[in-house]
Structure formats: structure tokens, C-alpha cells
Amino acid sequence: MTVRLDIDGAIVLEGVCPVEDAEPLQRLLLQHREAAVDWRACDAAHTAVLQVLLVAKPSIKGPARATFLQDFILPALARHESLTATEESLPLGDGGR
Amino acid sequence: MDKRILIIDDASLVRLYYRDALQRAGYSVDEAMNGLEALEKLLVTPADLLLVDINMPKMDGLTFLKSLRRQPMPLAATPAIVVSTEAAPQDVEAARRAGGNFYLVKPLTQDTLTRYVGLCCGIKS
Amino acid sequence: MNEFLKQFLIEGRELVEQATEDLLALEEAPDNRAELDNVFRGFHTLKGLAGIVEFAAMSRVLHAAEDRLAAVRSGERSVTGELVTDLLFSLDQVAQWLDELEREDRLPMVPDAAAAALVARFQTTAPETPATTAMVRTEQADWIEGLLSDHPQGREQGGVAVRYRPEPDCFFRHIDPVALIAQLPDLRAIRLVPNDPWPPLQELDPFACNLTVTALTGGTLGQVADQLHGVAGRVEIQALDPARSWRPTALSPEAMAILEEQLLLVSDPAEEGFDGRLGSAGRISTNVLRYMGWAAEAQKLQHGLDKSLALGRAEPFAGVLRQLLSRGSDEAAAIEPDKLSFLRSDEIAVRALRVEVERIDALVRLAGELTVAKNALGHVSRLAKEGATPETIATLLSDQYALLDRCVQQLQHSLLGIRLVPMRHVFRRFPKLVREMAAHLGKSARLVTEGAATEVDKAVVDALSEPLLHVLRNAVDHGIEPTMQRAASGKSAVATVWLRAARDGEQIVVEVEDDGAGIDTAELRRVAEARGIAAADEIAAMTQDEITELIFVPGLSTAASVSDVSGRGVGMDAVRSAIARLGGQVEVETRPGAGTRVRFRVPFTVLMSQVLTLEAGGQVFGIPMEIVVETVRLPRDRIMRVGAAEAFVLRNRTIPLINLPHALGLARDPLDDSYAQVVITAGAGQFAAFEVDRFGDHLEIMLKPVDGLLSGLPGIAGTTLLGDGRVLIVLDIPELLN
């Protein structure tokens, strides 16, 4: 199983996660809001899966097995978090923008 | 801009066409109907660039060029572009032999004309 | 060309191709020792070849490349994107020199400066001393700034920035955008940016792509463009100007042309007027240099001019000019376009047609001439209004007509020329393929190509690729015997396959010949009989040639075992129909024990046209799209009788309606009583509509003009072969209407 909930309550991404995994991942994240995503055995993840991670912003248990995920996607996820956070903190209806 | 072009061609339509393009680009333009008239004009007022047709009555373009290059300096060193309907290598070579600096083939667009005139006069329009 | 040069050309090309592949593999796996050795060996061998034929410039360049690779091998340097780019650049240069060798029949004469420039790439040089000209700086877009703020080293490194915005439904088309970007060479940074603000997780549609992916890579524009060509319409790529390196503007082609001409002028042994020629050449040259912003060089040239005038000789002016010209051509080679923005993916297909610059220039000149002719006609019309005499008008018009005629002919000729590509494009990958296929089967074979320079319409070249591959596979798989067997029958251990292309009038003849065992006609007879292709006595009565023709019967395979090289069957039926679609033929000749030759004859150019297919009277026809105005589903009560004919009114126009099956003498079969399927055509200022049974697809076809039986029938423009083997008749509507 490429995406599953393990006994410790973490959502595990294992092997190569195809586009179909996006839906189960989304469901699991909604059911277990505090769960961490463990990608230590993950070799690759489809963009759809990454998209879900971007929106859910769970904590990530790493390092990912795939260097690409670790070196490039992890920073993108981290930065992404701070981007949305910044936008949320701007007052609405700010005429100065 | 103070660059002066002399158009040497027996066809009034051609002279009109080039004059139109060059004046709009800011050059001062004069015309001559054949090589003889051109020499007469140049002896009075020098030009920065000549546009020379080959086939003209009284004195054709090549004869004009040979004569031009034998004049005293600095008149002899007047840059000249030959504009002709013929495009064969031997025609280009003949023009070079006679002393032409460059060769353009008719019909010439106004765009091409102004571009090459600009390069040869060092003027960006 | 002598034997050495011929061999040099062949081997050189193979080595360049191999080295390119190895280099790209090395880039993917920079720590792979074996790949590094491969690349080193490739350059080393190429250098050796250059030495044998005494091509000094090539030796020099390859030597410098080899030095760099040696440094990597010894651990002093590492494999960087920049090194790979430089090495690829030098291989490309070698490939160009080889092309020139083939064209000119002699080794290229490479100016010292050009070779030196190439060598310099491999040495760490200090940045060039700035000329007194403007720096070329591109403005970085916001998204690039964003990437650079994540990865500040990018400012010095340069490289390429990519922005990829896939369509929201891309997941359904098996596209994984991040994976595509992950494959880019030398990836340095990635950003994932949402296009629209994210909804809360429960409202997210996980299969709609809301991301734009931006990335920084150390690859070249070419590499990135290649990698992303499949999604070209959604991608923007931009080369980054590394802060430390910039160049002054190159000399434009016109400027180069003028300067070259001045050099010729002063070098011409003139009888008289030397001062005038030199003086005028000097004035023009310095003007051109100033125009291009090369002020310092203009000064230098002026000095040279003054000296030459004083001495009464072409030198040193000519020397300075010569130097400047070779620098000018180097600069031109070194400048890359600073932005490539893909608008539509079909533009990539256009880009893939490598057209010589001269052909494009010729077209540009023609476009210019057409504009002049147009303007002149405008002038004539003004003169006419102003009351010029008919004779004057007539003369001017006649002149302009002659000009236009010439232009149109040249245009047609040039356009045809552009579609032509050398067969080399198809041949290129085959030698390696043949060797590998043979090796895979435990055999030994090599491919010899002839006529790689033969020029053929691109559409034909593209269509020949598959069939040729098929036939080559067959030759290696079935035709060529295992090495032992060859030795036993006194043949050379290494089999030879020839791939030849030649122009024969309006056709191209392409042959694949092998010196293998030939087609086993006895076996073919047996199998044909067993499969019941024909009666036993018929088969017995067939001649060798007729039996050979049997290989075109689908599914007939005499191979004792189906190897994984060829797959099922011989596939010659597929080859034959592919060639027939092009309007060509296939012939096979075989000699038992000696070999087989398959020959394709195809037209060297094809007319492609768009047709709308339709059914009329139960038959399928095509009509050219260029005359189709629209198709309508017309209620029958709108059809009026006008005498013996029919018509209808559409948008205030009365359009005659013709029943196409009836017009073609086929049975009328109205499929729907309330509506008629109608196509409206336009031609010669008139409209005409045709009722048909139903409409089919738009197709792009190669139209074969009619000959033989069909040429007597009116109303037929041509035929083509559909994918399923049926013949499509394309109608000539204007002819039908008459």
C-alpha cells in the first residue's frame, strides 16, 4: 500500500505514490487532523499527492528516501507554509496594496 | 542630421521612391539622372554616400565609378553603393572592380535601403 | 574526397553521436566513473582522427576538451553543468565542421581566432575587459526574482529559469508536472505556487491541478526546451544572465557583409583609383563599426586606414579589418537568444524543421520584393488617377506584372526547398541500431549508408522512418545468418546491410540490401500452402518472384522462432500500406544464399491537403477544406424547388442545393426525413450546397493526382489511401458544378 495509516497514527507514504493516492491521502488527513506524514520510505510522489500536502500542511516525518523529495520538495513545502501564513496575516481591504 | 545622399538613376520613379524613404529618415537628398550630371554636382557639393544605378544614358554607373575613383581626394573616396537589377556574381565583381563599395539588388524596399544607408553613414535612425 | 577524408567523415559522425549520448548520460550520473571514461575515450579518439587528416583546429579544440576531462578524472575538477555544456558545444562545432567537409569536399578552413575562442571556453578565463558598449541585461520577471530569493547563488551561476503552468485537467492526461520538472538537468531550486487561493482541505479537488511550478536549472536552453517539448504550450523558459559574463552586441549580418565587401574591395588588384577605393572603404567600415557600437575598434581601424593611405598599400588596414571580422563572427556564435517563450506546441514541430538560414533569408528578401511590387502598383494607380497616358500605365503595369510573376515563382520554389531535408535525419540512428540488434541476437552486422545527403520532403522522411526500421529489423533478424553459419558458407563474419537513398526524377529510391541468406522461398511455399493462401497447384506454379511477393501477406512468417527483435510476423504488409499511403511502391528481390534487397520508391515531395470526409450514396468522399464554408443540418421544409432544381435561403442568400449522391450517379438514400445534412461550398464568388448522407472527420492527407482508370471521370481531384486501406476519392467541386 503506497498510502496508509499505521498503528502509530502516522500516515505513511511508501514507495512510488501515484496520482490515485491523492484522494485517500486527503481523506486520511481530514479524518486524522493531527497526524504526521511519514515519507521516510517514499521514492516518489505524484504532483496530485504533493498538492494535498501543500494544502493540508501536516508535519512531515523524514528524511524522505528520495533525495528529490528531501532536497527540493521539502523546502518548497516549508516555504509554501510561510507564504500562505503571510497572506493570512495581511488585513483585508488594505488600500495600500 | 547633416548626412547627404546623392541618388544617381535615370528612372524618376526610382529616385522619387528612394528620396521619399531617405528624407523621412532625416537625410538631405539630391538627385542626378546620369553619371555625368552626378560628377558635375559632386564637384560643387560633396556627398556622404552615393546610390548608383548601372544602366543610364550618357554615362553608365560603372564608367561613373571608375571616373570617380580617379578624381582627386577626398572626392575620390566618396562611398558608393551600386543598386542594380542584376544579381549575378560577375555583375557584383564588375561593380567591385569599378570601385563600388557595396551592391544591392533592385527592387529595394525602403526598409532595406534605409538600413544599409544607415550602416554606411554610421547613423542609427 | 579522398579515402581518408571519407572515412574520417563517417567515423567522426559516429563518434560525435556516441560522445553526445555518453556526455548526456554522464550529466545524469556525474559520479559514474565508467561514463566519464567513455566520454574521455570518445574525445580522445576524435582528437586522434583529427590528427590523422591534419585538421589542426579540430585537434586543438578536442585537446583542450580532453585536458578538462583529464582534470575531472584525476579529481581536480568535477562534472558541472557548465562543463557539459561546453563539451556539447564543442561536439556540435565538430559536427558542423564535418557537415562542411561533406558539402565542400575539403576540410573546413577555420580562422585561428575561432579555434582559439573555442579553446578558451575550456580554460578558466578572467571575465573579458568591458568594451565601451552597453551591457545586455535582461529584466528579471517577478517569478524569477522569487526563485532567486530562494536560491541566491543563482544570480552568479546563471542557467535557465522555467515556469510551467499545466492545465487543471492535466492529471487526467497522465501528466505529472513536478516529475517533468524533476527530470531537468542540474536542478537547483523548485517553487510550487498555487494559481488560485487554496480552499480548505475538505473542499479541495485533489485531481484538479492548481499549481504553477517554477524552477532554476543549470542546463542549457536547448536541453530544457527538449525536455519540456511535450508541454511546450504551457511553459516559459528564460536564460539567466550570470552577473559576471556579458558580451557587447555582435556584428549584425548586414554589418558583416558590408565589412567583408570592403576587405574584398581593397584587396582587389586595381589599376587606378587606389586611394579612392581605400578611402571609401575606410569611411564605410569605420561608419559601420560606430553604428554597431564598436567605437574603440572604429578608432583602431581609422589608424590602420591613415597608415595605409600614407603608404599607398592595403595593409595594415586590411589586416585590422580581417581581425575584426573574425572577432565579429565569434561574437555572433557566442550570443544566445535571451528568451524563448513557447506559444503553441505546434510551433515546436515547426522548430524541429531545421532550415538553413539562407533559405529563410531568401524568403525574407522575396517578401521585401513583393512589398515593393505592391507599393509600385499603388503608385501606378495614383498615376492613373492623375491622368497619365494609357501607354505609360500599360508599360509600368507590364513591368510590375513581370516582377510579381518572378517573385511568385521564386516563392513557390523556395517554399518547396524549405520542406526538403536530407535523408541523413532518418539514417542517423540506424548504424548503431543495427549493430545493437545484431549483437542482441548473437550475430555480427554493420550498416553502410549511401546518399545520406539526398534531399526529400520532410513529410516523406517522417513517414519512411517506421517502415525502414521494420525492414532493417527483418534483415538483421531473418536475413542475416549467425556468425558460425556465415563462416561455414565462406562469407565474411561481419554481415553488411546497405541503406541507400537516391533521387530518380520525381521519385526517391530507398534501398535496404543485405548479404544474408536471402528469403527462403521454399519455406514460404510450404507455409503458404499450409495456411491455405492459395491452392497447392497454384502455389507450385508460382515463379520465384511471385513467391517472394507472398511476404506481403499479413501474418505470414517463416521465422522458426519469433525473436523479440522483430516481434510477430514480418510486418511487410504494414510496410507496404505505409508506403502506398505516400503514393509509393515496395519491391523485393532475393537471391538464395546471397541476400535480399527491399526497394522503396516514393515521391520526393507530397501535396498535403485538408479534406472533410463525407458519405454520399454509401460511398466515402473527401472535399477540400479550403472550399468548405460550413456544414448545416437543414430542415427539409426550408428547401424550395426552383424549376427542376432545389435551393434554400440562409442569411438572406439563396444557395442552390445539389444532391451529391444523385450528382455522382449513386443511389439516393435519405437517412432522415426531416433534416438534410448539407455542406456549403464557395468558389469563384459563388456558393453551392450539397446534400450528403453524413459527415466524417477532417483529415490531413497526401493527395495523389488521378491517373489510370479514374482520369477519365469528371469531378475527381485525386485520391488517397485511408488508414484502413480504403481509397478516398477527393472531389473536384468546381468541375462537378459544371
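Residues numbered from 1 in each chain as written. Chains lettered and ligands numbered in written order. Predicted model: local features only at pLDDT ≥ 70, side-chain atom pairs only at ≥ 80, totals over all residues.

**Student:** Outline the overall build of chain A, listing residues and values.
**Tutor:** Across its full length, chain A carries 3 helices and 4 strands. Listing every helix and strand of chain A by position from the N terminus yields β-β-α-β-α-β-α. Taking all 97 residues of chain A together, 38% fall into the buried category. Sequence-distant contacts in chain A: of pairs separated by 6 or more residues, those separated by 24 or more amount to 50%. (Helix = DSSP H or I, 4+ residues; strand = E, 2+ residues; numbered from the N terminus. Buried ≥ 20, exposed ≤ 12 C-beta atoms within 10 Å, placed from the backbone. Contact = placed C-beta atoms within 7 Å.)

**Student:** Quick rundown of the overall build of chain C? Include the residues and the values.
**Tutor:** Of regular secondary structure, chain C possesses 26 helices and 24 strands. Within chain C, buried positions represent 32% of all 738 residues.

**Student:** Go over the interface of chain B and chain C with me, naming the residues and quoting the values.
**Tutor:** The partner chain C presents 29 residues to the 28 residues of chain B that form the contact. Within the residue set of the side of chain B that touches chain C, elements represented by two or more residues are α3 (61–70), α4 (89–98) and α5 (110–121) of chain B. A per-element tally of the side of chain B that touches chain C places α5(B) first, with 7 residues. Grouping the amino acids of the side of chain B that touches chain C by side-chain chemistry returns 14 nonpolar, 7 polar and 7 charged. (Nonpolar A, V, L, I, M, F, W, Y, C, P; charged D, E, K, R; others polar.)

**Student:** Give a detailed account of the sheet that holds strand β1 (residues 4–8) of chain B, specifying residues and quantitative values.
**Tutor:** Residue and element names in this part refer to chain B. As summarised here, the arrangement of the 5 strands in space is β2-β1-β3-β4-β5, forming an open sheet in which the pairing is parallel. With one partner strand each, in any of the chains shown, β2 (28–32) and β5 (102–105) form the two edges of the open sheet. When the angles between neighbouring strand axes are averaged without regard to direction, this sheet yields 20°. Of the pairings in the sheet, the one linking strand β3 (residues 49–53) to strand β4 (residues 80–84) comprises 4 bridges and is parallel in character. Bridging across to β4, L50 finds its partner in A80. Each of β1, β2 and β3 touches helix α1 (residues 12–24); the most contacted strand, β2, lies at about 165° to it. (Pairing = 2+ DSSP bridges. Axes fitted to C-alpha atoms, helices over the stretch in contact; angles between N-to-C directions.)

**Student:** Kindly report on the sheet that holds strand β3 (residues 37–45) of chain A, identifying the contributing residues and their values.
**Tutor:** Residues and elements named next belong to chain A. Taken in spatial order, the 4 strands line up as β1-β2-β3-β4 in an open sheet, and their pairing is mixed. The open sheet has two free edges, formed respectively by β1 (3–5) and β4 (60–61), since each of these has just one partner strand. Bridge count for β1 against strand β2 (residues 11–17) is 3 bridges, and the pairing is antiparallel. Across the sheet, the residue bridging to R4 is V12, located in β2.

**Student:** Help me get a handle on the nonpolar core, residues and values and all.
**Tutor:** A general trend in soluble globular proteins is that nonpolar side chains are found buried together. Ranked by size, the top nonpolar core spans 61 residues in total, and within it V52(B), I81(B), C120(B) and V288(C) carry the most contacts. When residues in this core are grouped by element, the largest group, 7 residues, is from helix α11 (residues 274–291) of chain C. Listed in part, the 56 residues of the second largest apolar core include A48(A), I73(A), L147(C) and L211(C). (Core = buried A, V, L, I, M, F, W, Y, C linked by C-beta atoms within 7 Å.)

**Student:** Give a detailed account of the confidence of the model for chain C, specifying residues and quantitative values.
**Tutor:** Residues and elements named next belong to chain C. Summary statistics for chain C give a mean pLDDT of 79 and a share of 85% for residues scoring 70 or more. When the criterion is pLDDT under 50, residues 124–139 qualifies, and its contacts beyond four places in sequence or with other chains add up to 15 contacts. Scored below 50 in pLDDT, residues 243–248 makes 14 contacts in the model with residues more than four places away or belonging to other chains. Confidence estimates for the predicted assembly give a pTM of 0.34 and an ipTM of 0.93. (pLDDT = per-residue confidence, 0-100.)

**Student:** Residues and numbers for helix α24 (residues 572–581) of chain C, please.
**Tutor:** Residue and element names in this part refer to chain C. Those residues of α24 that sit buried are M572, V575, A578 and I579. With its buried residues spanning 120° around the axis, α24 presents them on a single face. Its buried side turned inward, α24 meets α19 (458–479), β11 (585–591) and β12 (595–603). Note on α24: the residue one or two positions beyond its end, G583, has a positive phi of about 85°. (Arc of directions from axis to C-beta.)

**Student:** Give me the lowdown on the interface of chain C and chain A, citing residues and values where you can.
**Tutor:** A common measure of how large an interface is: the accessible area buried when the components associate. Across the contact, 19 residues belong to chain C and 20 residues belong to chain A. Sorting the residues of the side of chain C that touches chain A by element identifies α8 (177–182) and β2 (187–194) of chain C as the ones contributing at least two each.

**Student:** Now, about the confidence of the model for chain A: what can you tell me, with residues and values included?
**Tutor:** For chain A, mean pLDDT is 81; residues scoring 70 or higher make up 81% of the total. Across residues 82–97 of chain A, confidence stays below pLDDT 50; counting only partners more than four residues off in sequence or on other chains, it has 0 contacts.

**Student:** I'd like a description of the pairing of β2(A), backed by residues and values.
**Tutor:** Residue and element names in this part refer to chain A. If you look at the hairpin formed by β1 and β2, you'll find 5 residues sitting between the two strands, and G9 has a positive phi there, around 90°. Strand direction decides the pairing type here: β2 and β3, joined by 6 bridges, are parallel. Residue pairing across strands places G15 opposite C42, the latter belonging to β3. Taken together, β2, helix α1 (residues 22–31) and β3 form a β-α-β motif whose crossover is right-handed. (Right-handed = clockwise from strand over helix to strand, strands pointing away.)

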